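Listed here are the chains, written in short residue letters.
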Amino acid sequence: HLVNGLMVNTIIPYIVAFHQHIGQQEHVNQVLQWTRQIPAEHNSIIHAFEGTGITVAHMQDAQGLIELHKSYCEKSACASCEIGKWQLKKAIGK
């Protein structure tokens, strides 16, 4: 898991930025496809989202949810997040 985390958090962003900089979008797309082949990490953030019924299929899903957690959950901005709004509606029975 450490190697996958290192790849997703350091190596892949560098490769994507490089290929975007030189205008090779096809390579960017290929690299993003690779992230769908890396198994999702499992930590307390991912487990919390999975507990709501969200499926985390691969590392790209996990990274997206971690970013949502940082951007919304840590700031108590549930009403600004689509997942947060869905959870709030579910909690009040709508």
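The structure displayed is predicted, hence computed values, not measured ones. (Residues numbered from 1 in each chain as written. Predicted model: local features only at pLDDT ≥ 70, side-chain atom pairs only at ≥ 80, totals over all residues. Heavy atoms only, no water.)

What follows deals with the overall build of the protein. In terms of helices and strands, the protein carries five helices and zero strands. For the protein, the α and β elements follow one another from N to C terminus as α-α-α-α-α. For 94 residues, the compact-globule formula gives about 12 Å, and the C-alpha radius of gyration of the protein, at 16 Å, lies well above that figure. Expressed as a percentage of the 94 residues in the protein, the buried residues total 24%. (Helix = DSSP H or I, 4+ residues; strand = E, 2+ residues; numbered from the N terminus. Rg over C-alpha atoms; globule rule 2.2 N^0.38 Å. Buried < 20%, exposed > 50% of the residue type's maximum accessible area, 1.4 Å probe, protein only.)

The next point concerns the pattern of salt bridges. If you walk through the whole model with that rule in mind, you get one salt bridge. Between Lys85 and Glu82 there is a salt bridge, with the nearest N and O atoms lying 3.0 Å from each other. Pair noted here: Lys85 and Glu82 are both in helix α5 (residues 82-92), with a separation of three residues, about one helical turn. In this structure Lys85 comes out as partly exposed when scored by relative accessible area, which is 31%. According to the relative accessible area criterion, Glu82 is exposed, its value standing at 57%. (Salt bridge = Lys/Arg side-chain N within 4 Å of Asp/Glu carboxyl O.)

Turning our attention to the state of the cysteines. Using the criterion set out here, one finds zero disulfides in the structure. Looking at the unpaired Cys73, the closest cysteine sulfur is the one in Cys78, lying at 6.1 Å. On the basis of relative accessibility, which here comes to 35%, the residue Cys78 falls in the partly exposed class. (Disulfide = S-S within 2.5 Å.)

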